[in-house]
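# Structural description and commentary
Here's the letter readout for the chains.
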Amino acid sequence: MITLEHISKVYENANRVEALKDINLTIKKGEIYGIIGQSGAGKSTLIRCINMLEAPTSGSVIVDGVDLTKLSANDLRKARKDIGMIFQHFNLLSSRTVYDNVAFPLELQGLSKSEIKERIMPILDIVGLTDRVNNYPSQLSGGQKQRVGIARALASNPKVLLCDEATSALDPQTTKSILQLLKDINEKMGLTIVLITHEMQVIREICDRVAVIEGGIILEEGSTVEVFTNPKEHTTKEFISSVVSDNLPPEALEHFELHQDWIAGTAPLVRLKFTGQVADEPVVAGLVRRFNLDVSILFGGIDYIQNTSVGRLIIILNGDPMKAQEGLDYIKTLPIESEVIGYVRANH
Ligand SMILES: Nc1ncnc2c1ncn2[C@@H]1O[C@H](COP(=O)(O)OP(=O)(O)O)[C@@H](O)[C@H]1O
Ligand SMILES: [Mg+2]
(Lines give C-alpha, C1' and ligand atoms only; values in the text may rest on other atoms or scores of the structure.)
(Ligands and ions follow the chains in the order given, each with its own letter.)
Protein backbone atom coordinates (compact mmCIF):
# COMPACT_ATOMS: atom_id res chain seq x y z
CA MET A 1 0.00 0.00 0.00
CA ILE A 2 2.83 2.34 0.92
CA THR A 3 6.43 2.02 -0.17
CA LEU A 4 9.12 4.43 0.86
CA GLU A 5 12.29 4.11 -1.19
CA HIS A 6 15.54 5.75 -0.18
CA ILE A 7 13.80 8.63 1.57
CA SER A 8 16.11 11.34 2.84
CA LYS A 9 15.13 14.66 4.31
CA VAL A 10 17.48 17.52 5.03
CA TYR A 11 16.28 20.71 6.67
CA GLU A 12 18.42 23.59 5.46
CA ASN A 13 17.95 26.29 8.02
CA ALA A 14 20.49 28.18 10.12
CA ASN A 15 21.99 24.77 10.72
CA ARG A 16 21.59 21.77 8.51
CA VAL A 17 19.56 18.88 9.98
CA GLU A 18 19.54 15.48 8.33
CA ALA A 19 16.19 14.32 9.71
CA LEU A 20 15.81 11.15 7.60
CA LYS A 21 18.63 9.06 6.17
CA ASP A 22 17.84 6.62 3.38
CA ILE A 23 14.61 5.19 4.79
CA ASN A 24 13.15 2.12 3.10
CA LEU A 25 9.80 0.78 4.30
CA THR A 26 6.90 -1.22 2.94
CA ILE A 27 3.50 -1.03 4.59
CA LYS A 28 0.93 -3.58 3.49
CA LYS A 29 -2.69 -2.93 2.69
CA GLY A 30 -4.94 -3.32 5.73
CA GLU A 31 -2.24 -3.47 8.36
CA ILE A 32 -1.60 -1.26 11.35
CA TYR A 33 2.03 -0.22 11.13
CA GLY A 34 3.76 1.46 14.04
CA ILE A 35 6.86 3.61 14.00
CA ILE A 36 8.38 4.19 17.41
CA GLY A 37 11.21 6.49 18.41
CA GLN A 38 12.30 9.07 20.95
CA SER A 39 11.60 12.75 20.51
CA GLY A 40 13.64 14.13 17.61
CA ALA A 41 14.13 10.71 15.99
CA GLY A 42 12.44 11.85 12.77
CA LYS A 43 8.97 10.30 13.24
CA SER A 44 6.89 13.35 12.34
CA THR A 45 9.10 14.13 9.38
CA LEU A 46 8.70 10.56 8.17
CA ILE A 47 4.92 10.40 8.50
CA ARG A 48 4.58 13.84 6.89
CA CYS A 49 6.56 12.56 3.92
CA ILE A 50 3.90 9.88 3.38
CA ASN A 51 1.30 12.50 2.44
CA MET A 52 3.92 14.96 1.16
CA LEU A 53 3.12 17.60 3.78
CA GLU A 54 6.91 17.45 3.85
CA ALA A 55 8.61 16.88 0.50
CA PRO A 56 11.51 14.45 0.86
CA THR A 57 14.90 15.76 -0.27
CA SER A 58 15.33 12.55 -2.24
CA GLY A 59 13.58 9.22 -2.68
CA SER A 60 10.14 7.99 -3.72
CA VAL A 61 6.86 7.84 -1.82
CA ILE A 62 4.59 5.31 -3.49
CA VAL A 63 1.03 5.15 -2.19
CA ASP A 64 -1.39 2.74 -3.85
CA GLY A 65 0.90 2.42 -6.86
CA VAL A 66 1.44 6.15 -7.44
CA ASP A 67 4.74 7.94 -6.80
CA LEU A 68 3.56 11.08 -5.01
CA THR A 69 6.91 12.84 -5.49
CA LYS A 70 6.27 12.91 -9.24
CA LEU A 71 2.77 14.45 -9.16
CA SER A 72 1.77 18.00 -10.08
CA ALA A 73 0.35 20.13 -7.26
CA ASN A 74 -3.15 19.52 -8.58
CA ASP A 75 -2.79 15.74 -8.85
CA LEU A 76 -1.19 15.65 -5.44
CA ARG A 77 -4.21 17.41 -3.95
CA LYS A 78 -6.44 14.69 -5.42
CA ALA A 79 -4.16 11.88 -4.24
CA ARG A 80 -4.21 13.28 -0.72
CA LYS A 81 -7.95 12.57 -0.42
CA ASP A 82 -6.92 8.94 -0.03
CA ILE A 83 -4.71 9.78 2.94
CA GLY A 84 -6.32 10.98 6.16
CA MET A 85 -4.32 12.27 9.09
CA ILE A 86 -4.87 12.84 12.81
CA PHE A 87 -2.69 14.80 15.20
CA GLN A 88 -1.58 14.87 18.82
CA HIS A 89 -3.35 18.18 19.51
CA PHE A 90 -6.37 17.33 17.35
CA ASN A 91 -6.14 20.54 15.22
CA LEU A 92 -9.87 21.26 15.40
CA LEU A 93 -11.45 24.57 14.44
CA SER A 94 -12.68 26.04 17.72
CA SER A 95 -15.34 28.22 16.10
CA ARG A 96 -16.99 25.23 14.41
CA THR A 97 -19.22 22.57 15.92
CA VAL A 98 -18.35 18.88 15.85
CA TYR A 99 -20.52 18.45 12.77
CA ASP A 100 -18.97 21.41 10.96
CA ASN A 101 -15.43 20.30 11.80
CA VAL A 102 -16.08 16.91 10.25
CA ALA A 103 -17.88 18.52 7.29
CA PHE A 104 -15.02 20.94 6.64
CA PRO A 105 -12.88 18.84 4.24
CA LEU A 106 -16.00 17.89 2.27
CA GLU A 107 -17.04 21.54 1.97
CA LEU A 108 -13.60 22.25 0.52
CA GLN A 109 -14.18 19.44 -1.96
CA GLY A 110 -17.43 21.16 -3.01
CA LEU A 111 -19.93 18.51 -1.89
CA SER A 112 -23.53 19.64 -1.37
CA LYS A 113 -25.05 19.95 2.10
CA SER A 114 -27.12 16.79 1.67
CA GLU A 115 -24.18 14.79 0.30
CA ILE A 116 -22.13 15.91 3.28
CA LYS A 117 -24.82 14.90 5.75
CA GLU A 118 -25.25 11.50 4.14
CA ARG A 119 -21.51 10.94 4.28
CA ILE A 120 -20.72 12.07 7.78
CA MET A 121 -23.65 10.90 9.92
CA PRO A 122 -22.60 7.22 9.70
CA ILE A 123 -19.02 8.25 10.51
CA LEU A 124 -20.11 10.22 13.57
CA ASP A 125 -21.96 7.10 14.61
CA ILE A 126 -18.84 4.93 14.22
CA VAL A 127 -16.77 7.26 16.39
CA GLY A 128 -19.60 7.54 18.95
CA LEU A 129 -20.35 11.25 18.67
CA THR A 130 -23.93 11.38 17.37
CA ASP A 131 -25.08 13.06 20.57
CA ARG A 132 -22.33 15.67 20.32
CA VAL A 133 -22.81 17.01 16.80
CA ASN A 134 -23.76 20.51 17.96
CA ASN A 135 -21.06 20.85 20.61
CA TYR A 136 -17.99 23.02 20.16
CA PRO A 137 -14.50 21.60 20.75
CA SER A 138 -14.20 23.49 24.05
CA GLN A 139 -17.14 21.44 25.34
CA LEU A 140 -15.44 18.12 24.64
CA SER A 141 -12.97 15.91 26.50
CA GLY A 142 -9.62 15.08 24.92
CA GLY A 143 -10.83 11.67 23.84
CA GLN A 144 -13.93 13.17 22.23
CA LYS A 145 -11.79 15.76 20.43
CA GLN A 146 -9.65 13.00 18.97
CA ARG A 147 -12.82 11.20 17.88
CA VAL A 148 -13.76 14.36 15.97
CA GLY A 149 -10.27 14.32 14.44
CA ILE A 150 -10.75 10.70 13.40
CA ALA A 151 -14.22 11.40 11.95
CA ARG A 152 -12.85 14.36 9.98
CA ALA A 153 -10.03 12.19 8.62
CA LEU A 154 -12.51 9.46 7.63
CA ALA A 155 -14.92 11.88 5.94
CA SER A 156 -13.00 11.77 2.65
CA ASN A 157 -13.11 7.95 2.56
CA PRO A 158 -9.34 7.56 2.75
CA LYS A 159 -7.44 4.33 2.11
CA VAL A 160 -4.71 5.27 4.55
CA LEU A 161 -4.87 6.93 7.95
CA LEU A 162 -1.74 8.57 9.34
CA CYS A 163 -1.63 9.13 13.10
CA ASP A 164 1.00 11.47 14.51
CA GLU A 165 1.20 10.77 18.27
CA ALA A 166 -2.61 10.62 18.24
CA THR A 167 -2.88 9.43 21.84
CA SER A 168 0.09 11.23 23.41
CA ALA A 169 -2.09 13.99 24.89
CA LEU A 170 -4.56 11.52 26.39
CA ASP A 171 -4.71 9.66 29.69
CA PRO A 172 -4.14 5.87 29.67
CA GLN A 173 -7.82 4.94 29.79
CA THR A 174 -8.78 7.30 26.96
CA THR A 175 -5.73 6.13 25.01
CA LYS A 176 -7.05 2.58 25.19
CA SER A 177 -10.48 3.57 23.91
CA ILE A 178 -9.03 5.58 21.00
CA LEU A 179 -6.69 2.70 20.07
CA GLN A 180 -9.65 0.32 20.19
CA LEU A 181 -11.56 2.67 17.87
CA LEU A 182 -8.61 2.73 15.43
CA LYS A 183 -8.48 -1.07 15.51
CA ASP A 184 -12.24 -1.30 14.84
CA ILE A 185 -11.95 1.08 11.91
CA ASN A 186 -8.99 -0.88 10.57
CA GLU A 187 -10.96 -4.13 10.74
CA LYS A 188 -14.36 -2.89 9.59
CA MET A 189 -13.22 -0.55 6.83
CA GLY A 190 -10.00 -2.32 5.85
CA LEU A 191 -8.16 0.95 6.35
CA THR A 192 -4.36 0.87 6.37
CA ILE A 193 -3.10 2.71 9.45
CA VAL A 194 0.36 4.14 10.03
CA LEU A 195 0.98 5.48 13.48
CA ILE A 196 3.96 7.06 15.11
CA THR A 197 4.49 7.14 18.82
CA HIS A 198 7.10 7.24 21.54
CA GLU A 199 5.07 4.77 23.65
CA MET A 200 5.62 1.03 23.38
CA GLN A 201 2.23 0.49 25.00
CA VAL A 202 0.57 1.88 21.86
CA ILE A 203 2.56 -0.44 19.62
CA ARG A 204 1.76 -3.44 21.74
CA GLU A 205 -1.98 -2.70 21.82
CA ILE A 206 -2.71 -2.47 18.13
CA CYS A 207 0.24 -2.66 15.73
CA ASP A 208 0.76 -5.66 13.45
CA ARG A 209 4.28 -4.56 12.59
CA VAL A 210 6.68 -2.03 14.00
CA ALA A 211 9.79 -0.13 12.97
CA VAL A 212 12.14 1.49 15.47
CA ILE A 213 13.59 4.80 14.32
CA GLU A 214 16.54 6.68 15.80
CA GLY A 215 18.54 9.55 14.37
CA GLY A 216 16.63 9.35 11.09
CA ILE A 217 17.50 5.67 10.59
CA ILE A 218 15.30 2.57 10.90
CA LEU A 219 17.14 0.47 13.49
CA GLU A 220 15.00 -2.62 13.17
CA GLU A 221 11.64 -3.74 11.88
CA GLY A 222 9.35 -6.72 12.06
CA SER A 223 6.09 -8.14 13.37
CA THR A 224 5.24 -6.71 16.78
CA VAL A 225 5.44 -10.12 18.44
CA GLU A 226 8.82 -10.81 16.83
CA VAL A 227 10.28 -7.48 17.87
CA PHE A 228 8.85 -7.78 21.39
CA THR A 229 10.14 -11.27 21.97
CA ASN A 230 13.44 -10.96 20.16
CA PRO A 231 14.62 -7.33 20.09
CA LYS A 232 18.05 -6.86 18.53
CA GLU A 233 18.92 -3.25 19.22
CA HIS A 234 19.59 -1.64 22.56
CA THR A 235 17.05 1.14 21.91
CA THR A 236 14.36 -1.44 21.13
CA LYS A 237 15.11 -3.29 24.36
CA GLU A 238 14.74 -0.05 26.30
CA PHE A 239 11.35 0.64 24.74
CA ILE A 240 10.20 -2.88 25.53
CA SER A 241 11.39 -2.83 29.11
CA SER A 242 9.12 0.19 29.61
CA VAL A 243 6.07 -2.05 29.17
CA VAL A 244 7.19 -5.61 29.76
CA SER A 245 8.81 -6.37 33.06
CA ASP A 246 11.59 -8.80 32.36
CA ASN A 247 13.76 -8.25 35.37
CA LEU A 248 13.54 -9.66 38.79
CA PRO A 249 12.32 -7.05 41.24
CA PRO A 250 15.15 -6.50 43.80
CA GLU A 251 12.87 -7.47 46.69
CA ALA A 252 12.51 -10.95 45.21
CA LEU A 253 16.15 -11.69 46.00
CA GLU A 254 16.11 -10.18 49.48
CA HIS A 255 16.33 -13.53 51.18
CA PHE A 256 18.95 -15.04 48.89
CA GLU A 257 22.67 -14.81 48.23
CA LEU A 258 23.34 -14.65 44.50
CA HIS A 259 26.51 -16.32 43.15
CA GLN A 260 28.05 -16.41 39.68
CA ASP A 261 29.18 -19.99 40.11
CA TRP A 262 27.37 -23.13 41.10
CA ILE A 263 29.04 -23.56 44.46
CA ALA A 264 27.98 -26.06 47.09
CA GLY A 265 24.61 -25.39 48.63
CA THR A 266 23.33 -23.13 45.83
CA ALA A 267 20.59 -23.78 43.30
CA PRO A 268 20.19 -22.47 39.74
CA LEU A 269 18.12 -19.33 39.26
CA VAL A 270 16.57 -19.56 35.80
CA ARG A 271 14.72 -17.11 33.62
CA LEU A 272 12.20 -18.67 31.23
CA LYS A 273 10.43 -16.98 28.37
CA PHE A 274 7.75 -18.61 26.28
CA THR A 275 5.60 -17.40 23.46
CA GLY A 276 2.21 -18.61 22.30
CA GLN A 277 0.85 -22.00 23.25
CA VAL A 278 3.47 -23.14 25.75
CA ALA A 279 2.06 -22.58 29.20
CA ASP A 280 4.09 -22.17 32.36
CA GLU A 281 2.38 -24.90 34.38
CA PRO A 282 3.54 -27.96 32.43
CA VAL A 283 7.14 -26.69 32.54
CA VAL A 284 7.15 -26.38 36.31
CA ALA A 285 5.13 -29.57 36.76
CA GLY A 286 7.56 -31.42 34.48
CA LEU A 287 10.54 -30.29 36.54
CA VAL A 288 8.88 -31.38 39.75
CA ARG A 289 7.64 -34.72 38.47
CA ARG A 290 10.56 -35.84 36.32
CA PHE A 291 13.46 -34.72 38.47
CA ASN A 292 11.91 -34.54 41.88
CA LEU A 293 12.94 -30.89 42.14
CA ASP A 294 11.45 -28.38 44.49
CA VAL A 295 10.74 -25.48 42.14
CA SER A 296 10.15 -22.05 43.64
CA ILE A 297 8.65 -19.36 41.47
CA LEU A 298 10.19 -15.97 42.24
CA PHE A 299 8.50 -14.00 39.54
CA GLY A 300 5.97 -14.68 36.82
CA GLY A 301 3.75 -12.91 34.39
CA ILE A 302 2.06 -13.17 31.07
CA ASP A 303 1.86 -10.29 28.61
CA TYR A 304 -0.44 -10.19 25.68
CA ILE A 305 1.02 -8.74 22.53
CA GLN A 306 -1.65 -8.59 19.88
CA ASN A 307 -3.21 -12.02 20.36
CA THR A 308 -0.05 -13.82 21.35
CA SER A 309 0.82 -14.50 24.95
CA VAL A 310 4.37 -13.96 26.09
CA GLY A 311 5.12 -15.52 29.45
CA ARG A 312 8.02 -14.85 31.74
CA LEU A 313 8.96 -16.90 34.74
CA ILE A 314 11.91 -16.83 37.10
CA ILE A 315 12.38 -20.00 39.09
CA ILE A 316 14.83 -21.68 41.44
CA LEU A 317 15.61 -25.36 40.91
CA ASN A 318 16.10 -26.58 44.46
CA GLY A 319 17.14 -30.17 45.12
CA ASP A 320 19.88 -32.64 44.29
CA PRO A 321 22.42 -30.77 42.08
CA MET A 322 22.60 -33.73 39.65
CA LYS A 323 18.83 -33.58 39.27
CA ALA A 324 18.94 -29.80 38.92
CA GLN A 325 21.44 -30.19 36.07
CA GLU A 326 19.13 -32.73 34.43
CA GLY A 327 16.31 -30.23 34.89
CA LEU A 328 18.36 -27.55 33.11
CA ASP A 329 19.09 -29.97 30.27
CA TYR A 330 15.39 -30.81 30.06
CA ILE A 331 14.44 -27.12 29.82
CA LYS A 332 16.80 -26.78 26.85
CA THR A 333 14.79 -29.42 24.96
CA LEU A 334 11.59 -27.37 25.31
CA PRO A 335 10.45 -24.72 22.81
CA ILE A 336 11.13 -21.93 25.26
CA GLU A 337 13.96 -19.50 25.86
CA SER A 338 15.91 -19.99 29.04
CA GLU A 339 18.85 -18.39 30.77
CA VAL A 340 20.61 -19.23 34.02
CA ILE A 341 20.86 -15.89 35.83
CA GLY A 342 23.03 -17.24 38.64
CA TYR A 343 22.98 -19.57 41.62
CA VAL A 344 21.27 -18.78 44.87
CA ARG A 345 21.36 -19.90 48.46
CA ALA A 346 18.70 -18.93 50.92
CA ASN A 347 20.13 -16.93 53.82
CA HIS A 348 18.41 -17.43 57.09
N1 LIG B 1 10.75 22.38 9.96
C2 LIG B 1 11.94 22.01 10.47
N3 LIG B 1 13.04 22.74 10.27
C4 LIG B 1 14.25 22.36 10.77
N5 LIG B 1 14.45 21.24 11.46
C6 LIG B 1 13.39 20.46 11.71
C7 LIG B 1 12.08 20.79 11.23
N8 LIG B 1 11.23 19.81 11.62
C9 LIG B 1 11.97 18.91 12.31
N10 LIG B 1 13.25 19.29 12.37
C11 LIG B 1 14.36 18.54 13.00
O12 LIG B 1 14.39 17.25 12.43
C13 LIG B 1 14.63 16.25 13.42
C14 LIG B 1 13.47 15.27 13.46
O15 LIG B 1 12.32 15.94 13.92
P16 LIG B 1 10.88 15.26 13.97
O17 LIG B 1 10.62 14.59 12.68
O18 LIG B 1 9.91 16.28 14.41
O19 LIG B 1 11.11 14.16 15.11
P20 LIG B 1 10.06 13.43 16.06
O21 LIG B 1 8.69 13.58 15.48
O22 LIG B 1 10.53 12.01 16.11
O23 LIG B 1 10.18 14.08 17.41
C24 LIG B 1 14.85 17.02 14.73
O25 LIG B 1 16.23 17.21 14.88
C26 LIG B 1 14.14 18.33 14.48
O27 LIG B 1 14.71 19.36 15.23
MG1 LIG C 1 6.92 14.37 16.30
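Residues numbered from 1 in each chain as written. Chains lettered and ligands numbered in written order. Predicted model: local features only at pLDDT ≥ 70, side-chain atom pairs only at ≥ 80, totals over all residues. Heavy atoms only, no water.

### Some words on the pairing of strand E9 (residues 209-214)
Operational definition: Relative accessible area decides the class of each residue, using a 1.4 Å probe on protein chains only: under 20% of the type maximum gives buried, over 50% gives exposed, and in between gives partly exposed. Helical segments are the DSSP runs of H or I of at least four residues, strand segments are the runs of E of at least two, and each set is numbered from the N terminus. We call two strands paired when DSSP finds no fewer than two bridges between them.
Within E9, 5 of the 6 residues are buried, which leaves it mostly tucked inside the rest of the structure. The pairing of strand E3 (residues 32-36) with E9 spans 4 bridges and is classified as parallel. Looking at the pairing, Tyr33 lines up with Arg209 of E9. When E9 meets strand E10 (residues 217-223), the two strands line up antiparallel, connected through 6 bridges. If you follow Arg209 over to E10, its bridge partner there is Ser223. Counted between consecutive antiparallel strands, the loop separating E9 from E10 contains 2 residues, among which Gly215 sits at a positive phi close to 55 degrees.

### Description of the site of ligand 1
Here is the rule: The criterion for a residue being near a molecule or strand is simple. One of its heavy atoms has to lie within 4 Å of it. Here a polar contact means two N or O atoms within 3.5 Å. Within protein one must be a hydrogen donor candidate and the other an acceptor candidate, and residues neighboring in sequence count only if both atoms are side-chain atoms. Working definition of accessibility: Shrake-Rupley area with a 1.4 Å probe, residue cover restricted to the visible protein chains. Gly counts as polar in this scheme, as do all residues outside two lists: the nonpolar Ala, Val, Leu, Ile, Met, Phe, Trp, Tyr, Cys and Pro, and the charged Asp, Glu, Lys and Arg.
Lining the immediate surroundings of ligand 1 are Tyr11, Asn13, Val17, Ala19, Gln38, Ser39, Gly40, Ala41, Gly42, Lys43, Ser44 and Thr45. Take Lys43: an N or O atom from its side chain is 2.8 Å from an oxygen atom of ligand 1. Burial of ligand 1 by the protein amounts to 62% of the accessible area it has alone, namely 560 Å². Taken together, the elements giving at least two residues each to the shell around ligand 1 come down to strand E2 (16-27) and helix H1 (43-50). Looking at the shell around ligand 1 residue by residue, the class counts come to 4 nonpolar, 7 polar and 1 charged.

### Remarks on the confidence of the model for the chain
The following threshold applies: Confidence scores here are pLDDT values: one per residue, from the predictor, ranging 0 to 100.
Chain-level statistics for the chain give a pLDDT mean of 92 and a share of 97% at 70 or above. Ranking the helices and strands of the chain by mean pLDDT puts E3 first, with 98, and helix H10 (residues 280-291) last, with 84.

### Some details on the nonpolar core
What counts, and what does not: Nine residue types can take part in a nonpolar core, namely buried Ala, Val, Leu, Ile, Met, Phe, Trp, Tyr and Cys, and a core is a set of them joined through side-chain atoms within 4.5 Å. Whether two residues are in contact is decided by their heavy atoms, any of which lying within 4.5 Å being enough.
Residues Ile120, Leu124, Ile150 and Leu182 are the most contacted members of the largest nonpolar core, which totals 52 residues. Residues within four places of Leu182 in sequence aside, it is in contact with Ile86, Ile150, Leu161, Cys163, Ile193 and Ile206. Residues Ile2, Cys49, Phe87 and Val160 belong to the second largest nonpolar core, which totals 30 residues.

### Things to note about the pairing of E3
Of all 5 residues that make up E3, 5 are buried, and the element is covered over most of its length. On E3, burial covers both faces: Ile32, Gly34 and Ile36 on one face and Tyr33 and Ile35 on the other are all buried. Where E3 meets strand E8 (residues 192-197), 5 bridges bridge the pair, whose relative direction is parallel. Its bridge partner being in E8, Ile36 is matched across the sheet by Thr197.

### Section: the environment of Glu54
Tracing the sequence through the fold places Glu54 in the loop between H1 and strand E4 (58-63). Glu54 sits in the buried class, given a relative accessible area of 17%. Linking Glu54 and Lys9, residues 45 residues apart in sequence, is a C-alpha distance of 8.7 Å. In this structure Glu54 touches Lys9, Tyr11, Thr45, Arg48 and Cys49, once residues within four positions along its chain are discounted. Within polar-contact distance, the side chain of Glu54 engages the side chain of Tyr11 at 3.4 Å.

### Here we look at the sheet that holds strand E13 (residues 294-305)
Counted only if it meets this: Simply put, an axis is a line fit to the C-alpha atoms, just over the touching stretch for a helix, and the angle between two N-to-C directions goes from 0 to 180 degrees.
Strand order in the open sheet formed by 5 strands is E11-E15-E12-E14-E13, and the pairing between neighbours is antiparallel. Two strands close off the open sheet at either side, each with one partner strand: strand E11 (256-259) and E13. On average, adjacent strands in this sheet sit at an angle of 25 degrees to one another, irrespective of strand direction. The pairing of strand E12 (residues 267-275) with strand E14 (residues 308-318) spans 7 bridges and is classified as antiparallel. By the bridge assignment for E14, Leu269 is matched with Ile316.

### Concerning the side chain of Ser156
The residue Ser156 is located in the loop between helix H5 (142-154) and strand E7 (160-164) in this model. Classification of Ser156 by relative accessible area gives buried; the value is 17%. Within polar-contact distance, the side chain of Ser156 engages the side chain of Gln109 at 3.2 Å. Setting aside its immediate chain neighbours within four residues, Ser156 contacts Lys81, Pro105, Leu106, Gln109 and Arg119.

### Thoughts on the packing of helix H3 (residues 98-108) against helix H4 (residues 113-126)
Put simply, the test is: Roughly parallel covers angles under 35 degrees, roughly antiparallel covers those over 145, roughly perpendicular covers 65 to 115, and oblique covers all other angles. By convention the crossing between two helices is left-handed if the near helix lies anticlockwise of the far one by an angle smaller than a right angle, and right-handed if it lies clockwise.
Close contact between H3 and H4 brings their axes to 10 Å; oriented N to C, the two are set at 130 degrees. Taken together, the axes of H3 and H4 lie oblique to each other. The two elements H3 and H4 cross, and the hand of that crossing is right-handed. Here Val98, Tyr99, Val102, Ala103, Leu106 and Glu107 of H3 come into contact with H4, specifically with Ile116, Lys117, Arg119, Ile120, Met121 and Leu124.

### Some words on the state of the cysteines
Among covalent bonds in proteins, the disulfide is the one between the sulfur atoms of two cysteines. To keep it simple, the criterion reads: The rule for a disulfide is simple: a pair of cysteine sulfur atoms within 2.5 Å.
Tallied over the full model, the rule gives 0 disulfides. Distance from the sulfur of Cys49, which forms no disulfide, to the nearest cysteine sulfur (Cys163) is 17 Å. Given the relative accessible area of 0%, Cys49 is considered buried. The thiol sulfur of Cys163 is not disulfide-bonded, and the nearest other cysteine sulfur, from Cys207, lies at 9.1 Å.

### Section: the packing of aromatic side chains
To keep it simple, the criterion reads: Aromatic pairs are defined between Phe, Tyr and Trp rings, using the six-membered ring for Trp, whenever the two ring centres lie within 6.5 Å; interplanar angles under 30 degrees are classed as stacked, those over 60 as edge-to-face, and all others as tilted.
Within this structure, the stated rule accounts for 2 aromatic pairs. Aromatic pair Trp262 and Tyr343: ring centres 5.3 Å apart, planes at 20 degrees, arrangement stacked. Taken together, the residues span a long stretch of sequence, with Trp262 in the loop between E11 and E12 and Tyr343 in strand E15 (residues 337-346) at a distance of 81 residues. Given the relative accessible area of 14%, Tyr343 is considered buried. Relative to Tyr330, the ring of Phe291 lies with its centre 5.4 Å away and its plane at 55 degrees, an arrangement referred to as tilted. Taken as a pair, Phe291 in helix H10 and Tyr330 in helix H11 (residues 321-333) lie far apart in primary sequence, 39 residues in all.

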